[in-house]
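Spelled out, the chains give:
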Amino acid sequence: QVQMVESGGGLVQAGGSLRLSCAASGTIFSINTMNWYRQAPGKQRELVAAINSRGSTNYHDSVKGRFTISRDNAKNGVYLQMNSLKPEDTAVYYCYVHLYSVGSLRVEDYWGQGTQVTVSS
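Report follows, based on the coordinates. (Residues numbered from 1 in each chain as written. Predicted model: local features only at pLDDT ≥ 70, side-chain atom pairs only at ≥ 80, totals over all residues. Heavy atoms only, no water.)

## Quick look at the side chain of Ser21
Part 1 of the argument: Tracing the chain through its elements places Ser21 in strand E3 (residues 18–26).
Part 2 of the argument: Take Ser21: its relative accessible area is 17%, and that puts it in the buried class.
Part 3 of the argument: Sequence-distant contacts of Ser21, defined by excluding residues within four places in its chain, comprise Val5, Glu6, Ser7, Trp36, Val78 and Tyr79. (Helix = DSSP H or I, 4+ residues; strand = E, 2+ residues; numbered from the N terminus. Buried < 20%, exposed > 50% of the residue type's maximum accessible area, 1.4 Å probe, protein only. Contact = heavy atoms within 4.5 Å.)

## What to know about the nonpolar core
Part 1 of the argument: Of all hydrophobic cores here, the largest spans 29 residues; its most connected members are Trp36, Phe67, Val78, Leu80, Met82 and Tyr93.
Part 2 of the argument: Those elements giving two or more residues to this core turn out to be strand E1 (2–7), E3, strand E4 (28–39), strand E5 (46–51), strand E7 (67–72), strand E8 (77–82), strand E9 (91–101) and strand E11 (115–120).
Part 3 of the argument: For this core, the leading source of residues is E9, giving 5 residues. (Core = buried A, V, L, I, M, F, W, Y, C linked by side-chain atoms within 4.5 Å.)

## Considerations on the sheet that holds E7
Part 1 of the argument: Pairing is antiparallel in the open sheet, where 4 strands are placed in the order E1-E3-E8-E7. At either end of the open sheet lies a strand with only one pairing partner, and these are E1 and E7. Neighbour-to-neighbour, the strand axes of this sheet turn through a mean angle of 15°, independent of strand direction.
Part 2 of the argument: Relative to E8, E3 runs antiparallel, the two sharing 6 bridges. (Pairing = 2+ DSSP bridges. Axes fitted to C-alpha atoms, helices over the stretch in contact; angles between N-to-C directions.)

## What about the environment of Gly55?
Part 1 of the argument: The topology assignment puts Gly55 in the loop between E5 and strand E6 (57–59).
Part 2 of the argument: Given the relative accessible area of 41%, Gly55 is considered partly exposed.
Part 3 of the argument: Between the alpha carbons of Gly55 and Arg71 there is a distance of 7.8 Å; along the sequence they are 16 residues apart.

## Regarding the pattern of salt bridges
Part 1 of the argument: This structure, assessed with the given rule, holds 4 salt bridges.
Part 2 of the argument: Here Asp61 makes a salt bridge to Lys64, at a shortest N to O gap of 3.0 Å.
Part 3 of the argument: Asp61 sits in the exposed class, given a relative accessible area of 61%.
Part 4 of the argument: Arg66 is paired through a salt bridge with Asp89; the nearest N and O atoms lie 2.8 Å apart. (Salt bridge = Lys/Arg side-chain N within 4 Å of Asp/Glu carboxyl O.)

## Details of the state of the cysteines
Part 1 of the argument: This model, assessed by the stated rule, comprises 1 disulfide.
Part 2 of the argument: The side chain of Cys22 participates in a disulfide bridge whose partner is Cys95; the two sulfur atoms lie 2.0 Å from each other. Disulfide Cys22-Cys95: torsion about the S-S bond near 50°, hence right-handed. Here the residue Cys22 occupies a position in strand E3, and Cys95 occupies one in strand E9, the gap between them amounting to 73 residues. Both residues of the pair, Cys22 and Cys95, count as buried. (Disulfide = S-S within 2.5 Å.)

Structure follows, in C-alpha cells:
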C-alpha cells in the first residue's frame, strides 16, 4: 500500500510565492518520474512540471522561469516552488508519481489528494 500526502496550498496575492510538498509512504521500492498537475475550474487537468529519477526536469511553457520542481529521494518527496504567481495559476494542484512497490515488477501510478492554490489579482 502506498499513501500520498500533499501540503502547501493556499491563498496568495499576484506576484507572491508558494511551495507545494508531496510525500509518498508505504511499501515503496523506487520512484521513477514525479509530476505536478493542475486543474482549473472548467478546464482539463494539465501537466505543470515533471522530474525523473536522474533529476531531469520539464515544465509547461506557462510556468517556465517561475516554477521549480525538485525531489528528495530519501524522503520520497517532490516539491514545487512557485514564484511570481499569476491569477491564471489558480487551480487544484496534484502530485502524480510512477513507482515500484516492494516485490512488484510493474510500475504503479498514484495521485495525491490535491491542494488548492488561489492567486488573487
